[in-house]
Amino acid sequence: MFHILAADRVFILTGAGISAESGIPTFRGAGGLWRNYRSEEVASPHAWRRDPHLVWEFYSMRRRAAAEAKPNPGHLALAALEHTLHDRLFLCTQNVDNLHENAGSRRVVHMHGELFKSRCEDCDRPPFDDPNTYDPPAALPKCDCGGQIRPHVCWFGEVPYHVDEIFRALNECTIYIAIGTSGVVEPAASFVAHAHGPDRPGQGRAQTFYIGPEEPANSAAFTKCLLGKAGQLLPNLFLCD
Ligand SMILES: [Zn+2]
């Protein structure tokens, strides 16, 4: 059990593992192909320039899959933790689905964007809610300005979102917990080293924990790794002052 004291600030990073427990495919690693495409081939600026119809077909399929998924007890436990800790919890996710929100989390920082949002490539219109699907032969969605509408998702080779806000929270946290993330995708794989590292301004090192079914690639960077499903470990894990 994690004892969270009144002075603690908790940073939580969630990855594909917690969504996979709700049945959302990860499209990474062995068996992660979609119609014989690797995810890099349908989730990159290059793929978008070459074949935007194919990219929208991929994201339309992912929107349908995510719309059917339900949050699991791991998501619900994190929503309950936010209810207790309020702004002493910073929840950052690499996942683009909305399962944290569906579980009741109010403040979720989506560093890789959001599956159910789109944005215009050309104008300053902010990203907007978009649950629609655009399977061929449907026309590609266009903005009022004439620009192409693309998924609001961080593709391979693009810069993740909210990085400044994330590193501010990493500087302030006293407890860092990574859940269901492989420890290979940067910059998230380096968060633990930052939280545990000696170079945080005016802070000691955070305690760092990993929760997931398999040991992550960066396991040596953690104070402790708890191996198991998030949906089984997270409920009843936190004791808050
Ligand atoms: Zn526009």
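Residues numbered from 1 in each chain as written. Predicted model: local features only at pLDDT ≥ 70, side-chain atom pairs only at ≥ 80, totals over all residues. Heavy atoms only, no water.

## What about the domain arrangement of the protein chain?
How big an interface is tends to be reported as the loss of accessible area on association of its parts. When the domains of the protein chain are assigned, the result is domain 1 (2–24 + 71–112 + 160–240) and domain 2 (39–68 + 119–153). For the pair domain 1 and domain 2, the summed buried area comes to about 430 Å², and 61% of that belongs to carbon and sulfur atoms. Summed over the shared surface of domain 1 and domain 2, the number is 0 salt bridges. The tally of links from domain 1 across to domain 2 stands at 2 residue pairs in polar contact (both at pLDDT 80 or more). (Domains from an automatic or database assignment. Buried area = accessible area lost by both parts, 1.4 Å probe. Salt bridge = Lys/Arg side-chain N within 4 Å of Asp/Glu carboxyl O. Polar contact = N/O pair within 3.5 Å; in protein donor to acceptor, adjacent residues only side chain to side chain.)

## Some words on the sheet that holds strand E6 (residues 128–129)
Where strands meet in a sheet, backbone hydrogen bonds hold them as pairs that are either parallel or antiparallel. The sheet built from 3 strands is open, its strands ordered E6-E5-E7 with antiparallel pairing. In this open sheet, the two edge strands, each paired with only one partner strand, are E6 and strand E7 (149–153). Across the sheet, helix H3 (residues 52–68) is in contact with strand E5 (113–120) and E7; its angle to E5 comes to roughly 140°. (Pairing = 2+ DSSP bridges. Helix = DSSP H or I, 4+ residues; strand = E, 2+ residues; numbered from the N terminus. Contact = heavy atoms within 4.5 Å. Axes fitted to C-alpha atoms, helices over the stretch in contact; angles between N-to-C directions.)

## Things to note about the sheet that holds strand E10 (residues 224–227)
In space, the 6 strands of this open sheet follow the order E4-E3-E2-E8-E9-E10, with parallel pairing throughout. Each end of this open sheet is capped by a strand with a single partner; those strands are strand E4 (108–110) and E10. Here the average twist between neighbouring strands, direction ignored, is 20°. Taken together, the 4 bridges between strand E9 (residues 207–212) and E10 define a ladder with parallel strand orientation. For Ile-211, the partnering residue across the bridge sits in E10 and is Leu-226. The strands touched by helix H6 (residues 163–172) are strand E2 (10–14), strand E3 (89–93), E4 and strand E8 (175–179); relative to E3, the strand with the most contacts, the crossing angle is about 135°.

## Comments concerning the coordination of the zinc ion
Those donors, Cys-120 (SG), Cys-123 (SG), Cys-143 (SG) and Cys-145 (SG), are the protein atoms that reach the zinc ion, and they lie 2.2 to 2.4 Å from it. Angles of 101 to 117° at the metal separate the 4 donor atoms of the zinc ion, which places the site in the tetrahedral class. We note that the donor set of the zinc ion lies within a single chain, spaced as C-x2-C-x19-C-x1-C. A residue pair is termed long-range when its members are at least 10 positions apart, and Cys-123 in the loop between E5 and E6 and Cys-143 in the loop between E6 and E7 qualify at 20 residues. According to the relative accessible area criterion, Cys-123 is partly exposed, its value standing at 28%. (Donors = N, O, S within 2.8 Å, 3.2 Å for Na, K, Ca; no water. Tetrahedral: all angles 85-135°; square planar, octahedral: opposite > 155°, others 65-115°. Buried < 20%, exposed > 50% of the residue type's maximum accessible area, 1.4 Å probe, protein only.)

## Points about the packing of aromatic side chains
Considering all chains together, one arrives at 14 aromatic pairs under this definition. Geometrically, the ring pair formed by Phe-58 and Tyr-59 is edge-to-face, given 5.1 Å between the ring centres and 80° between the ring planes. Relative accessible area serves as the criterion here: at 0%, Phe-58 is assigned to the buried category. Using a relative accessible area of 1% as the deciding quantity, one classes Tyr-59 as buried. Among the aromatic side chains, those forming a connected cluster through ring pairs are Phe-11, Phe-90, Phe-167, Tyr-176, Phe-191, Tyr-210 and Phe-222. (Phe/Tyr/Trp six-rings, centres within 6.5 Å; stacked < 30°, edge-to-face > 60°.)

## Some remarks on the side chain of Arg-200
With respect to the helices, strands and loops of the structure, Arg-200 is situated in the loop between helix H7 (191–196) and E9. A polar atom in the side chain of Arg-200 sits 2.7 Å from the backbone oxygen of Cys-173. Residue contacts for Arg-200: discarding those within four places in its chain leaves Leu-170, Asn-171, Glu-172, Cys-173, His-194, Ala-195, Arg-205 and Ala-206.

## Some remarks on the pairing of E8
On any regular strand, side chains alternate: one points to one face of the sheet, the next to the other face. Within E8, 5 of the 5 residues are buried, leaving the element largely enclosed by the surrounding structure. Neither face of E8 is exposed, since Ile-175, Ile-177 and Ile-179 on one face and Tyr-176 and Ala-178 on the opposite face are all buried. One ladder, built from 5 bridges, connects E2 with E8; its direction is parallel. The residue of E8 that forms the bridge with Val-10 is Ile-175.

## A look at the nonpolar core
By size, the foremost hydrophobic cluster in this structure holds 25 residues, and its most contacted members are Tyr-59 and Trp-155. Only helix H2 (45–50), H3, E5 and E7 provide two or more residues apiece to this core. If one sorts the elements of this core by residue count, H3 sits on top with 6 residues. Domain assignment of the residues forming this core places at least three in each of domain 1 (2–24 + 71–112 + 160–240) and domain 2 (39–68 + 119–153). With near-sequence residues (within four places) excluded, Tyr-59 lies in contact with Val-42, Ala-43, Leu-115, Pro-151, Val-153 and Trp-155. (Core = buried A, V, L, I, M, F, W, Y, C linked by side-chain atoms within 4.5 Å.)

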